[in-house]
Amino acid sequence: MNIGEFAELTGLSVKALRLYDEQDLLPPAAVDEWSRHRRYSATQFESALRLKAARSADLPLAEAAKLLQDPKTAAVTLAVHRDRLAAERERQDAALAVLDQLLAGPVEWQAEVRQAERQHWAGVLLPPEVADDERANELFAGLWRRLSAAGNAPTGAFWTTIGTAEGSETETEVVCCWPVAEPPPSDWDDVRRGTIEPGKEMVVRWRFEQDVPVVDGAAHPAVLALLAAVEREGVNVSLARLRQIGLLEDGVPVGMEVAVRLTS
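Counting from 1, residues in each chain are numbered in the order their sequence is written. With the structure being a predicted model, the display of local features is reserved for residues of pLDDT at least 70 and the display and counting of side-chain atom pairs for 80 or more, all residues being used for whole-chain, interface and lining totals. Only hydrogens and water are set aside when side-chain values are computed; all heavy atoms of the structure are taken into account.

1. Focus: the overall build of the chain
Applicable threshold: Under the DSSP-based scheme used, a helix requires at least four consecutive residues in state H or I and a strand at least two consecutive residues in state E, with every element numbered from the N terminus. In this treatment the radius of gyration is a C-alpha quantity, and the globule benchmark scales as 2.2 Å times the residue count to the 0.38 power. Whether a residue is buried, partly exposed or exposed follows from its accessible area with a 1.4 Å probe, protein chains only, as a fraction of its type maximum: under 20%, in between, or over 50%, in that order. The contact criterion used is simple: two residues touch if any of their non-hydrogen atoms lie within 4.5 Å. Here the accessible surface of atoms and residues is derived via Shrake-Rupley with a 1.4 Å probe, and residues count as covered only by protein chains that are part of the display.
A count of helices and strands for the chain gives 7 helices and 10 strands. A compact globule built from 264 residues should have a C-alpha radius of gyration of about 18 Å, whereas the chain, at 29 Å, is more than 25% larger. The principal-axis extent of the C-alpha atoms belonging to the chain is close to 85 × 45 × 40 Å. Buried positions account for 34% of the 264 residues belonging to the chain. Across the chain, every contact between residues at least 6 apart in sequence was considered, and the portion connecting residues at least 24 apart equals 61%. As presented, the chain carries roughly 16,600 Å² of accessible surface, and 52% of it is formed by carbon and sulfur atoms.

2. Observations concerning unusual backbone geometry
What is expected of a backbone is that most residues other than glycine have negative phi and most peptide bonds are trans. One non-glycine residue, Asp58, lies in the positive phi region at around 60°. Here Asp250, not a glycine, exhibits a phi torsion of approximately 55°, which is positive. Its location among the elements puts Asp250 in the loop between strand E9 (243-249) and strand E10 (252-261). Assessed through its relative accessible area of 83%, Asp250 is described here as exposed.

3. A look at the packing of aromatic side chains
For clarity, the threshold we go by: The criterion for an aromatic pair is that two Phe, Tyr or Trp rings (for Trp, the six-membered ring) have centres within 6.5 Å, with stacked assigned to planes under 30 degrees apart, edge-to-face to planes over 60 apart and tilted to the rest.
As enumerated under the stated definition, the model contains 5 aromatic pairs in all. Seen from their ring centres, Phe6 and Tyr40 are 4.5 Å apart, and the 10° between their planes marks the pair as stacked. Of this pair, Phe6 sits in helix H1 (residues 3-10) while Tyr40 sits in the loop between strand E2 (38-39) and helix H3 (45-56), and the two are 34 residues apart along the sequence. You'll find Phe6 and Tyr40 in the same group, each marked buried. With 4.9 Å between their ring centres and 50° between their planes, Phe140 and Phe158 make a pair best called tilted. Residue Phe140 is located in helix H6 (residues 133-149), and its partner Phe158 is located in the loop between H6 and strand E5 (159-164); the two are separated by 18 residues in the primary sequence. Residue Phe140 shares its accessibility class with Phe158, and that shared class is buried. Put simply, the rings of Phe6, Tyr40 and Phe45 touch in pairs and so form one group of aromatic residues.

4. Some thoughts on the packing of H1 against H3
Applicable threshold: Structural elements are reduced to axes, namely lines fitted to C-alpha atoms, with helices fitted over the stretch in contact, and the angle between N-to-C directions of any two is expressed from 0 to 180 degrees. Between 65 and 115 degrees an angle is taken as roughly perpendicular, under 35 as roughly parallel, over 145 as roughly antiparallel, and anywhere else as oblique. By the definition used in this description, the sense in which the near helix is turned from the far one sets the handedness, with an anticlockwise turn below a right angle giving left-handed and a clockwise turn giving right-handed. Throughout this entry, Asp, Glu, Lys and Arg are counted as charged residues, while Ala, Val, Leu, Ile, Met, Phe, Trp, Tyr, Cys and Pro are counted as nonpolar. The remaining residues, Gly among them, count as polar.
The contact between H1 and H3 brings their axes to 10 Å, and the two run at 60°. Here H3 runs oblique to H1, going by the angle between their axes. Crossing geometry of H1 relative to H3 is assigned as right-handed. Facing H1, whose interface residues are Phe6, Leu9 and Thr10, H3 presents Phe45, Ala48, Leu49 and Lys52. The class makeup of the residues in the contact of H1 with H3 is 5 nonpolar, 1 polar and 1 charged.

5. A look at a nonpolar patch on the surface
We apply this condition: Candidate patch residues must exceed 30% relative accessible area and have no salt bridge, after which like charges are joined if within 9 Å and Val, Leu, Ile, Met, Phe, Trp or Tyr side chains if within 5 Å. A side-chain nitrogen of Lys or Arg and a carboxyl oxygen of Asp or Glu constitute a salt bridge if their distance falls within 4 Å.
Taken together, the side chains of Leu96, Leu99, Leu102 and Val215 define a hydrophobic patch exposed on the protein surface, amounting to about 340 Å² of accessible area. Inspection of the secondary structure puts Leu99 in helix H5 (residues 71-104). Using a relative accessible area of 45% as the deciding quantity, one classes Leu99 as partly exposed.

Fair warning: the whole summary comes from geometry, so function is off the table for now.
See the structure below:
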C-alpha cells in the first residue's frame, strides 16, 4: 500500500505517518529507491491502530512508543495514563462544580470591624516549594514546641500572613505565626518576629463545613470578599497586614477568619 492508502485504512494522517517514520515509531515496510515513496504492509496495521488509539486518548507521543513494545511495558504505560486521565477528569469535574456555584450567585459574607490589641508574635517562613497545609501544620507544631520549651508558649490561635518576598516585586511568601507574651530571643535567626500595634481591623469568618466556591489557585472567596468590603469603605489597606487566623472551638480548628488592618 502507498502512504495514502495506508492512511485511509488506519485513520492516521499522511503527516502523522511521515512523523512516525522520522521518529522510527512506524517506519514503512519499504521505500522506493528512486522515488522515495513509502510502502506499507498489512502486518503493520496493529501497530498503526495502537498509535492511532493512543493519540486519540491524548497519550504523549513519547509514551505512545511504549505501546509498541512488550505487553508488560505496554500495560504499565496504559495504566499510568489511565490514572492520569482519571485525575484530570476529577479536577475538571471539581472545576465545573465550582462554576455551577459561581453562576448560582455570589455568597453573602458578613464583614465586621473590631479593635485589635497589642500582640507580640513569632513566625517561621513556609518554603514556597512546599507550600501546602501539611507542611504548614508541621511548622506550626514545631514552632509551638520550641516556644513552649523556652517558657513562652503561644497565647492564642495561630495565623498566617502573606507578603512580598524580600528583594522581589512579584514573589510572595507565607509566614506561619503564633501570638506570644514576649518576643522570641534575638539569636533565633530562623524565626520571624514582630508586634501588632493596637488598631481597628476588618474581619470575615468562615467555617470548614461551609460549601463555598473555592477556585483552585485563587485566594479563598472570604479573603476576596473582605478586600472588596474594605474597598467599598474607601479605606487603604496593606496586604502585608492581612492575617488568616485559626478559628478554634475547645482548642480544635473549626474554621478560619481573615482580618486586615485598616489604615487611613
